[in-house]
Amino acid sequence: MKRGHAMTTTPEASEARTALARRLPERIVEFVRLMRANHYRVGIQEAIDALQVAQCIDILDARQLRCALRSLLCSNPADWKGFDALFERYWQHQSAGAIELTVGGRIERLEPGAMLGLQIKPVSATNSRREDAWREALRVGASPHEAMTRSDFRLAQLHENTWPLEQWIEALARRMRKRLLRRHHVSNLGHRIHVRRTIRRSLTYGGLPLDLIYRERRRELPRLVLIIDVSRSMNAYSYFFLRFARGIVDAFQNTDAFAFHTRLVHIVDTLREPDRHRLKEKLAWIAAGWGGGTRIGESLQAFNREYARRVVDSHTFVFILSDGYDTGAPELLGEQLRRLQQRAKRIVWLNPLMGRTDYAPIASGMQAALPYLDLLAPAHNLESLMKIEQMLLRL
Amino acid sequence: MRPFADTEDLIGRLEHAGYIAERGLAVALLLMAQLRRPLLVEGDAGVGKTEIAKALATAYGCELIRLQCYEGLDVNAAVYEWNYQRQLLAIKMREAEESSLAEKERHVFSDEYLLQRPLLQAIRRPQPPVLLIDEIDRADEQFEAYLLEVLSDYQVSIPELGTVRAVSIPHVVLTSNGTRELSDALRRRCLYHYLDYPSFEKELRIVLRRVPQIEEQLAGQIVTFVQKLRTEELQKRPGTAETLDWAAALVQLRVSSLDSNPDFIADTLACLLKTREDLAAVPPSVSARLLAQSI
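Residues numbered from 1 in each chain as written. Chains lettered and ligands numbered in written order. Predicted model: local features only at pLDDT ≥ 70, side-chain atom pairs only at ≥ 80, totals over all residues.

Our next topic: the sheet that holds strand β7 (residues 346–351) of chain A. Residue and element names in this part refer to chain A. The mixed open sheet is built from six strands, whose spatial order is β5-β4-β3-β6-β7-β8. Single-partner strands in this sheet number two, and they are β5 (264–266) and β8 (375–378). Averaged over all pairs of adjacent strands, the angle between their axes in this sheet comes to 20°, without regard to strand direction. Bridge count for strand β6 (residues 316–321) against β7 is five bridges, and the pairing is parallel. Directly across from Val318, in β7, lies its bridge partner Ile347. Here helix α13 (residues 235–251) sits on the sheet in contact with β3 (223–229), β4 (255–260) and β6, set at roughly 165° to β3. (Pairing = 2+ DSSP bridges. Helix = DSSP H or I, 4+ residues; strand = E, 2+ residues; numbered from the N terminus. Axes fitted to C-alpha atoms, helices over the stretch in contact; angles between N-to-C directions. Contact = placed C-beta atoms within 7 Å.)

Here it is, written out as structure tokens:
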């Protein structure tokens, strides 16, 4: 492909260039279609832009074409990383591309219709199957259908495909932010003066600000800290909770997330992993836990000692997502929760077991914790996660 | 019609400005000028996203206007604000004058009392400047939507003044650290460049270029060490900025080779690792292993 520059002067090259220039629009439109089939967010506008770009580069220089199209057609890190494989596949393997054009005659043999009719298959088959299922799920209704909303997360694990559910969980967290903002918007009438409007009004009074105009207070989002139990007894749930945490971390800027089994780990940076597959791996790795029991009390102690001062203030909601089965001493758990309560605004304990009809919080850990909780609520399906938003408003 | 023949030229000019750019970035920058579209640069902290804009301004020989985003950034801080104090004074002073209310109002809301913030400044310059919108992911969605409007029409409407159209279209560079998902609309509006950690050769060139007093052998060791360190499981991987800090620190300490005094590494590791967890994750044993691989 580096021959592009060397060729530019030979008559053969100029012949090739003319031939290619004639076919290029079709090739580019086709390439954009291939990208769309691979879930790039590109449409007609991008195809038009790509054609415009092709006008101003040396089309026989594949490196330039690649760089230019990459900048134009990618819009996030995942796109960026997959682009080279797609580009090579299309321009170098499927048919005569710009780079293989050493003889002008070769491209002449290709019928434009044949090119546009090329069967396009997404690059990764497993990937697309998952996406299809997800799209299928979307097609069923604009809202998550009943079954998915109500069914317990632990049942979801039995099915192979949890991707739609994961997506919903994450989207739910983001939507929460929007709604919270909106409600605060309506409820808080502020007390600060809107200077510009006031001055404008004061012109009537010769500059005396008689009519004061107020502006509403800046809307503030609550600060959230999530502490997620990933011990073995939580196996069926922790992966989904981690996905939920990812959504929350993404939507609320002042958020921190921790995971614990026998010790506490700070997981915010892991949750921010942009690459989908790597994220899945990392989350699965965290969610797998290590076995060997749950030490809620000690983990909270570590939290209080090392992080609480930094991440918890009097506006903070602390969420603990755990089933309350503690292999440590319940007194320690009670004591640590008491300390945390002094620092935080509210402590909410979300317990997935509460979704079961016969459950009562009698485990010794749960008993020790109860006096210090502002709220104990179920978190076993989408519906119960949706209710968190209302809880935040009420508390 | 071949403005792209300039790629090499631009790379050269950027290097002259102290920035080592790869070809892909240069093509994106030229494309940006050609299509008059903003460029969105993403990548981990410290890989040199902000530097792109600075170097570009130097390469084009134009002004750099910077808008640092933060949560709660609003139109008043980003686009314009009226100078209220002066307006009040003006109203008082003109009280006695025999002009109509409408005239007074026109005077008070004229250009003279307008405080121009970065976005407005950028579109009112006769010479197109480089406009750097830094860490756009920190601003909230409302601002992002507003920005999208400005970046597609290149005009700002000020109720009291009317619509201000761009005198020249600035070269806009947006950076994002990915703390929040940006809207699809903004992403599609922009050209995109993902800035990864530099390769060994590129990073070595950067160090030699930015820390001129350094000896080539030490620079090579430093870069190898940092590149190895990035493959460890860390919360915040050190960026190029950290490499440069560390190189400068070692030069200050008059270290000529990393193995001459391994204690220096432990003492200065804080230049590279910025959290307690990460420092704890690289105890002397690990740094000794990395060091052994770097020499």
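So much for the structure itself; the text now carries on.
A few words now on the sheet that holds strand β9 (residues 191–194) of chain B. Where strands meet in a sheet, backbone hydrogen bonds hold them as pairs that are either parallel or antiparallel. Residue and element names in this part refer to chain B. Spatially, β2-β5-β8-β1-β9 is the arrangement adopted by the five strands of the open sheet, whose pairing is parallel. Because the sheet does not close on itself, it has two edges, and the strands there are β2 (64–68) and β9. Geometrically, the sheet is characterised by an average inter-axis angle of 20° between neighbouring strands, direction not taken into account. In this structure, strand β1 (residues 39–42) lies alongside strand β8 (residues 171–176), joined through four bridges in parallel fashion. The partner of Leu39 across the bridge, within β8, is Val173. Contacts from helix α3 (residues 49–60) reach β1, β2, β5 (130–134) and β8 within the one sheet, and its direction differs from that of β5 by about 170°.

Residue and element names in this part refer to chain A. For chain A, per-residue confidence averages 72 on the pLDDT scale, and residues scoring 70 or more make up 70% of the total. Here residues 94–145 scores under 50 on pLDDT; set against residues more than four positions off or in separate chains, the count is 67 contacts. Considering only residues more than four positions removed or in separate chains, one finds that residues 184–189, a stretch of pLDDT under 50, has six contacts. (pLDDT = per-residue confidence, 0-100.)

Here the focus is the pairing of β3 of chain A. Residue and element names in this part refer to chain A. For β3, the tally of buried residues reaches seven of seven residues, placing the bulk of the element in the interior. Residues Arg223, Val225, Ile227 and Asp229 line one face of β3 and the alternating positions Leu224, Leu226 and Ile228 line the opposite face, and both faces are buried. Bridge count for β3 against β6 is six bridges, and the pairing is parallel. Bridge pairing in β6 links Leu226 to Phe319. Pairing of β3 with β4, which is carried by six bridges, proceeds in the parallel orientation. Counted as the bridge partner of Ile227 is Phe258 from β4. (Buried ≥ 20, exposed ≤ 12 C-beta atoms within 10 Å, placed from the backbone.)

Looking now at the environment of Gln253 of chain A. Residues and elements named next belong to chain A. As for its position among the elements, Gln253 is in the loop between α13 and β4. Classification of Gln253 as partly exposed rests on a count of 15 C-beta atoms within 10 Å. A C-alpha to C-alpha distance of 9.1 Å links Gln253 and Leu224, two positions 29 residues apart in sequence.

Let us now look at the interface of chain B and chain A. If you look at the interface, chain B gives 37 residues, while chain A gives 33 residues. For the side of chain B that touches chain A, the secondary-structure elements that each account for two or more residues are α2 (23–35), α5 (84–93), α6 (101–108), α9 (184–189) and β9 of chain B. With seven residues, α2 of chain B is the single largest residue contributor to the side of chain B that touches chain A. Split by residue class, the side of chain B that touches chain A holds 15 nonpolar, eight polar and 14 charged. (Nonpolar A, V, L, I, M, F, W, Y, C, P; charged D, E, K, R; others polar.)

Before going further, it helps to spend a moment on helix α11 (residues 216–230) of chain B. With 15 residues, α11 of chain B ought to run about 21 Å at 1.5 Å a step, and its terminal C-alpha atoms sit 21 Å apart, in line with that. Those residues of α11 of chain B that are buried are in contact with α10 (200–210), α12 (240–252) and α15 (284–294) of chain B. (Expected span 1.5 Å × (residues − 1).)

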